[in-house]
Amino acid sequence: MIRHVRFLGSPKPGEGRIWVIAGPFLWFMIFFVIPFVVVAKISLSTAAVSIPPYVPLVGWGEDGTLNIALHFGNYHFLLTDPEYVIAYLSSLRNAAVTSLVTLLIGYPVAYAIATTKETLRGPLLMLVIMPFWTSFLIRVYAWIGILKPNGLINNFLMSLGLINHPLDILNNQFSVYVGMVYAYLPFMILPLYSCLEKMDHSLLEAANDLGARPIRAFVSITLPLSLPGIIAGSLLVFIPAVGEYIIPTLLGGADTLTIGTVLWNEFFGNRDWPVASTVAVALIVLLVGPLMLLQHFQSKGERS
Amino acid sequence: MIADEPAGSSSANPSQAEPNGKGRECIPEMLTISQDGYQPWTDAGIEPQLRIENIVKSFDGFNAVDNVSLDIYRGEFFSLLGGSGCGKTTLLRMLAGFLTPDSGSLSMDGLDLVPLPPYERPLNMMFQSYALFPHMTVENNIAFGLRRDGVPKDEVAERVSKVLDLVQLSEFASRKPSQLSGGQRQRVALARSLVKRPSVLLLDEPLSALDKKLREATQYELVNIQQQVGITFIMVTHDQEEAMTMSTRIAVMDKGKIVQVGSPAEIYEYPQNRFVATFIGSVNLFEGPLVENQTDHAAIESDEWGGKIQVGRAIGYSLGHNTTLGIRPEKVRIAKIHDPMALANRAVGRMKDIAYLGNSLVYHVALQSGKVLKITSPNLGSTSDRQFVRDEEVHVGWAPNACVVVEP
């Protein structure tokens, strides 16, 4: 009996697999792991007036001995200086609020698109993606025009006579939320849509048939089955939102403190690369930890 | 037995059968129809349970269901049979409440169904895809309907375990649907739709996803369960054998209309028109003018047959009317050319094809007119007088009472 048919030059079973994985692996090595190691290395140094502006970790002593100086003081500094703690907490809060609000707005939108006529779905999805065709910076700037004291909203409300003084809705926490929810909404809608669109409509019919009213059927069937979409969308929004720099800078007030702004200040204001690197490493640890936990529980849930 | 319910239960459906059959005298509707020869549709004194009257449903100007009326009686196993696009599923979905008829009325035990949403209708449906909730265990899938009705916790557990017993899935209660085989999923779907004790259960192609062997076994199991629980079953199917095996009555549908309603034997033996005759099993058709019509016999003149075809009874047409006769392949006899055949209708033909099916043989015999007659005969073993070869001259024939008049 012929068990394996092999053509000349064709790879053995499993042989090609390594090359398929090699591509993304290489990409990941060059653009994430190596830079991260460099950043982690810098974070263990101290600032100095030199080029590059930090003390090298490895050096030769005058007597020819090899000196390796690891400086963990930056991490301690990060934990004790309230400015950094506040920056982290407010970044996490911004990201959490953004994820929650984009979920609340995005879910109905994704649900509506997924349940509408098939011919309408394409154009509607296109409308969701369309903003990406314009520069991100310009779109954030546009919000300044909308929110400023004599901007669109205030002028409109005053012309209606609903308010006498312009509302203070720019350069504060509110405008940061508005900008972030606006910018990240598509990242929530798309994974939710792809999850909801795949849902078997007969499940809802079966629930109805068994006596569940539409709302009950939604809570018992649609919502739990769209959980993967909710998780994917929330992660896609939450992770970049934590490190967001442009929106808090442009739309936030002078007192808006986020990891992004702190990072910028350390790098370009103070020229303290080691502290800036420490901020970056701590951010990754902060985000990767919960992510790995989540993945762990998810795969456990699938197995059981 | 699901019907064995605790006292004071909210479900007071009189159709529930007694577990040991002792209730049969007082509730005649519960007789197992096919076994006892009980035929409520022949008794004018019995009210139908489900009344479908002049139902019309169209999609984009096309009538998917076209003025359909049907009466279905308590305890029946009723099949809607037809090819794809004949409107059978549309009709079923209107009964379930997923579609609203354009006109006509649906009522069950005097209750008008049309204005009721699916979740308020006292009937349940078993879906073709089963539609089991993938994130719930078998137990929770089955309990879902009971919980929606606010049945107390311990009663839910009791009824779920009883229905799991009925479909023999007790040890799978805590599995997820993805961990079950196709046949097991089918039974979970059945259990889930039965546990609420609906007065009528709708089944949309319940066996189509099973392989042939399992399907045949499940046909009997489904009929057994139906007789145990005494619920009216309405099944949609495209498989005529399935409909014949399981049903008390069959409604054959074509192009949104009901072509014929009757018991499996009626439909098979007396197909009303050409569509039914050819859809249910196969049939040889002969056409010709009516040339004789007496009280006890009649005849048509058929060129294809090459002479008169005798029919063993009177035909309700006048002389000269172009009449179509149908004769089932298994009712045609075949014999060697030297065997005399003492049948009123006989002819000589030439063997064209022989197919060996194991349990039976199929012959294609070309008549002198060129028409090919299909004949099946049981495989009785190959003795010399039953062994035919291609191109052999043979006698074919049938008794006058073996053929039926088929409307065009």
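Residues numbered from 1 in each chain as written. Chains lettered and ligands numbered in written order. Predicted model: local features only at pLDDT ≥ 70, side-chain atom pairs only at ≥ 80, totals over all residues. Heavy atoms only, no water.

A tally of helices and strands in chain B yields nine helices and 20 strands. C-alpha extents for chain B along the principal axes are approximately 75 × 50 × 45 Å. The buried share among the 408 residues of chain B stands at 52%. Pairs at least 24 residues apart make up 64% of the contacts formed inside chain B by residues separated by at least 6 positions. If you sum the accessible surface of chain B, you get close to 18,200 Å²; carbon and sulfur atoms cover 48% of it. (Helix = DSSP H or I, 4+ residues; strand = E, 2+ residues; numbered from the N terminus. Buried < 20%, exposed > 50% of the residue type's maximum accessible area, 1.4 Å probe, protein only. Contact = heavy atoms within 4.5 Å. Areas by Shrake-Rupley, 256 points an atom, 1.4 Å probe, with all protein chains shown as cover.)

On the chain A side, the residues contacting the 22 residues of chain B number 18 residues. Both sides of the chain B and chain A interface together cover about 1,800 Å² of buried area, and 62% of this is carbon and sulfur. Counting across the chain B and chain A interface gives two salt bridges. A salt bridge links B:Glu120 to A:Arg213; its shortest N-O distance comes to 3.2 Å. Applying the counting criterion to the chain B and chain A interface returns eight residue pairs in polar contact (both at pLDDT 80 or more). Listed by contribution, the elements that provide at least two residues to the side of chain B that touches chain A are helix 2 (88-96), strand 6 (123-126) and helix 3 (138-148) of chain B. (Buried area = accessible area lost by both parts, 1.4 Å probe. Salt bridge = Lys/Arg side-chain N within 4 Å of Asp/Glu carboxyl O. Polar contact = N/O pair within 3.5 Å; in protein donor to acceptor, adjacent residues only side chain to side chain.)

A separate point is the sheet that holds strand 18 (residues 372-378) of chain B. All names here are of chain B. Spatially, five strands are ordered 15-19-16-17-18 in an open sheet, and the strand pairing comes out antiparallel. In this open sheet, the two edge strands, each paired with only one partner strand, are strand 15 (333-336) and strand 18. Here the strands of the sheet are splayed against their neighbours by 45 degrees on average, with no regard to which way each runs. Strand direction decides the pairing type here: strand 16 (residues 345-356) and strand 19 (residues 393-398), joined by six bridges, are antiparallel. Directly across from valine 348, in strand 19, lies its bridge partner histidine 395. (Pairing = 2+ DSSP bridges. Axes fitted to C-alpha atoms, helices over the stretch in contact; angles between N-to-C directions.)

Taken together, the side chains of A:Val20, A:Ile21, A:Phe25, A:Leu26, A:Trp27, A:Met29, A:Ile30, A:Phe31, A:Ile34 and A:Val38 present a nonpolar region at the surface, about 1,100 Å² in accessible area. Tracing the backbone through its elements, the reader meets A:Phe25 in helix 1 (residues 17-43). (Patch = residues over 30% accessible without salt bridge, like charges linked within 9 Å, V, L, I, M, F, W, Y side chains within 5 Å.)

Further remarks concern the domain arrangement of chain B. Frequently, the measure chosen for interface size is the accessible area that the parts lose on association. Its domain assignment divides chain B into domain 1 (22-122 + 198-269) and domain 2 (282-406). Taking only C-alpha atoms into account, the centre of domain 1 of chain B sits 35 Å from that of domain 2 of chain B. (Domains from an automatic or database assignment.)

Let us now look at the pattern of salt bridges. Residue and element names in this part refer to chain B. For the structure shown, the criterion picks out 18 salt bridges over all chains. A salt bridge links glutamate 158 to lysine 162; the shortest N-O distance between them is 3.4 Å. In this pair, glutamate 158 and lysine 162 are both assigned in helix 4 (residues 153-166), four residues apart and thus about one turn of the helix distant. Residue classification places glutamate 158 among the partly exposed positions, given a relative accessible area of 34%. The exposure class assigned to lysine 162 is partly exposed, which follows from its relative accessible area of 26%. Between arginine 390 and aspartate 353 there is a salt bridge, with its nearest N and O atoms 3.1 Å apart. Placement of the pair is arginine 390 in the loop between strand 18 and strand 19 and aspartate 353 in strand 16, with a sequence separation of 37 residues. Its relative accessible area of 56% is what places arginine 390 among the exposed residues. Put simply, Glu47, Arg51 and Asp71 are held in one network by salt bridges that share partners.

Residue and element names in this part refer to chain B. The sheet contact formed by strand 11 (residues 284-293) and strand 14 (residues 322-327) spans six bridges and is antiparallel. Looking across to strand 14, one finds that phenylalanine 286 is bridged to leucine 325. Examined bridge by bridge, strand 11 and strand 12 (residues 298-302) share three bridges and lie antiparallel to one another. Of the residues in strand 12, the one forming a bridge with glutamate 292 is alanine 299. Hairpin connection between strand 11 and strand 12: a loop of four residues separates the two successive antiparallel strands.

As a further point, take helix 1 of chain A. Residues three or four positions apart in an α-helix share a direction because the helix packs 3.6 residues into each turn. When the terminal C-alpha atoms of helix 1 of chain A are compared, their 37 Å separation across 27 residues agrees well with the 39 Å that a helix rising 1.5 Å per residue should span. If you look at helix 1 of chain A, its biggest bend is around 40 degrees, right at A:Met29. (Expected span 1.5 Å × (residues − 1). Bend = angle between axes of the 7 residues up to and from the residue.)

In this section: the pairing of strand 8 (residues 232-237) of chain B. Residue and element names in this part refer to chain B. Extensive coverage of strand 8 is indicated by the burial of six of its six residues. What you see with strand 8 is no split at all: Thr232, Ile234 and Val236 on one side and Phe233, Met235 and Thr237 on the other are buried throughout. With five bridges connecting them, strand 3 (residues 77-81) and strand 8 associate as parallel partners. Following the sheet pairing, leucine 81 is matched in strand 8 by threonine 237. Where the polypeptide runs from strand 7 (residues 200-204) across helix 6 (residues 212-229) and back to strand 8, its parallel neighbour, the crossover connection is right-handed. (Right-handed = clockwise from strand over helix to strand, strands pointing away.)

A word on the packing of helix 3 of chain B against helix 4 of chain B. Residues and elements named next belong to chain B. The interhelical angle for the contact between helix 3 and helix 4, taken along N-to-C directions, is 120 degrees, at an axis separation of 10 Å. One way to sum up the angle between helix 3 and helix 4 is to call them oblique. By crossing handedness, the relation of helix 3 to helix 4 is classed as right-handed. In this structure, helix 3 uses Val138, Glu139, Ile142, Ala143 and Leu146 to contact helix 4, whose residues at the interface are Val156, Arg159, Val160, Val163 and Leu164. Across the contact of helix 3 with helix 4, the residue classes break down as eight nonpolar, no polar and two charged. (Parallel < 35°, antiparallel > 145°, perpendicular 65-115°, else oblique. Left-handed = near helix turned anticlockwise from the far one by under 90°. Nonpolar A, V, L, I, M, F, W, Y, C, P; charged D, E, K, R; others polar.)

Residue and element names in this part refer to chain A. Mapped onto the secondary structure, leucine 250 falls in helix 11 (residues 246-251). Considered as a pair, leucine 250 and histidine 201 are 49 residues apart in the sequence and their alpha carbons are 44 Å apart. In contact with leucine 250, other than residues within four places in its own chain, are Leu137, Val140, Tyr141, Ile144 and Asn171.

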